[in-house]
Amino acid sequence: MPTSPTALILGGTGSLWVSALHLARAGWSVIVTGREPSRMPGAAAEFGIRFVAAERDEEQATEALVGDGVDLLVDGQGYAPGQARALAALSRRCGGTAYLSAKAVYVDACGRHLNSPGGAHFDAPVTEAGPTMAWQAQEVRSAEGYGAGKAESERLLAEHGERVSVLRPSKIHGPWVRQVRSAPVLDLVAPRGGATGGSRGRDPVSVAGPDVVESTTSAEVLARAVLACARAPRARVLNVADADPRPAGELAREVWRAAGCSPVPEVVPADPREAPDAARLPWRVAMVLDTSALSALGVSLPTFAETAWMEVEWVLRQRRSQAS
Ligand SMILES: NC(=O)c1ccc[n+]([C@@H]2O[C@H](COP(=O)([O-])OP(=O)(O)OC[C@H]3O[C@@H](n4cnc5c(N)ncnc54)[C@H](OP(=O)(O)O)[C@@H]3O)[C@@H](O)[C@H]2O)c1
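Just so we're clear, the structure is a prediction, and the values are computed from it rather than from any experiment.

A. Summary view of the site of the ligand. Neighbouring the ligand are 28 residues, the closest being Thr13, Ser15, Arg35, Tyr146 and Lys150. A distance of 3.4 Å separates an oxygen atom of the ligand from a polar atom in the backbone of Gly14. Side-chain polar atom of Arg35 to an oxygen atom of the ligand: 2.6 Å apart, as the coordinates give it. Burial of the ligand by the protein chains amounts to 91% of its free accessible area of 870 Å². Listed by contribution, the elements that provide at least two residues to the shell around the ligand are helix H5 (143–160) and strand E7 (171–173). A per-class count over the shell around the ligand returns 8 nonpolar, 11 polar and 9 charged.

This is the structure we're talking about:
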């Protein structure tokens, strides 16, 4: 009898949970790791997804889980070059490996990165061929070191790994993510209670920077990318983002629409002189990822509007259960 292909997702109860579901639905036998069993989503048993508590920094624990190899190894918690070196060795035992990097690896034409003072400036959608940060042994859990650590990890995986797909998402949204960006956006129209189209829903909302266009990455498009890489493992680098980069103010309106706000409030730009403390939306980095390579792999890219409801419904459900 044929056995299911096996997938191991390191740090799989957050942004990668939708990936775990996609793999399980496609017939893979999936194990996800994390530190805290209580954070395992409830639907796990239904899909036969198993949880193993394992600290990502303990390389021996990871190595033991990989054993003689799995068909797909996904690393969602790799930040440091040392971790990438170990992952590269493990990748040689696995059918395929996917490494979650980030758009923070990119530098602009002047060598500035997203966390440089004043930020970076990209005049056109950024392709995977764009230059990435240099490694100067920065602290990887710092603003300076995050992108540099990922960029150096990518180089090590390309040099020493086998069949490693490097995925570069923008800001991730979806159920179970740990950085829930729709929550403060919901609070702008209906603090803490969920958006129900109450009287505040009809007032325009004044925010700083509503015209900034930053690519978004749904957990859904990330899952489709992971599945595509699982099915055709090889060394590659892919930007991963939703189909339609849109101004931040429009994204906020999609969040309110998904929450059932009716009418959906207009967004107006705050005057920085009159309202220096105006609310800021989560999408503040003018940066669009070119996703042609992902599309060329056969991945269909959902729009932000098609996927925003997944996080919003999850947030509102949590709020309702906390309130009851
Ligand atoms: N979120 C974004 O917008 C974004 C954007 C670009 C790139 N990324 C990349 O995506 C990856 C996921 O980051 P995220 O912020 O989105 O988090 P996340 O996936 O929503 O949550 C983190 C996951 O990893 C587990 N985890 C965290 N620390 C761990 C540790 N030391 N050992 C074992 N498991 C651990 C968590 O479970 P426990 O808490 O139970 O341990 C959870 O399953 C990272 O590599 C990040 O650089 C994220």
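Resuming the write-up.
B. Quick look at the sheet that holds strand E6 (residues 164–169). Ordered in space as E3-E2-E1-E4-E5-E6-E10, the 7 strands form an open sheet in which the pairing is parallel. Each edge of the open sheet is held by one strand with a lone partner, namely strand E3 (50–53) and strand E10 (236–240). With strand direction ignored, the average angle separating the axes of adjacent strands in the sheet is 20°. One ladder, built from 4 bridges, connects strand E2 (residues 29–34) with E3; its direction is parallel. The partner of Gly34 across the bridge, within E3, is Ala53. Across the sheet, helix H3 (residues 59–66) lies against strand E1 (6–10), E2, E3 and strand E4 (72–75), angled at about 165° from E1, the strand it touches most. Contacting E4, strand E5 (96–100), E6 and E10, helix H7 (residues 219–231) crosses the sheet at an angle of about 160° to E10.

Cut-offs used in this document
Residues numbered from 1 in each chain as written. Predicted model: local features only at pLDDT ≥ 70, side-chain atom pairs only at ≥ 80, totals over all residues. Heavy atoms only, no water. Near = heavy atom within 4 Å. Polar contact = N/O pair within 3.5 Å; in protein donor to acceptor, adjacent residues only side chain to side chain. Areas by Shrake-Rupley, 256 points an atom, 1.4 Å probe, with all protein chains shown as cover. Helix = DSSP H or I, 4+ residues; strand = E, 2+ residues; numbered from the N terminus. Nonpolar A, V, L, I, M, F, W, Y, C, P; charged D, E, K, R; others polar. Pairing = 2+ DSSP bridges. Axes fitted to C-alpha atoms, helices over the stretch in contact; angles between N-to-C directions. Contact = heavy atoms within 4.5 Å.

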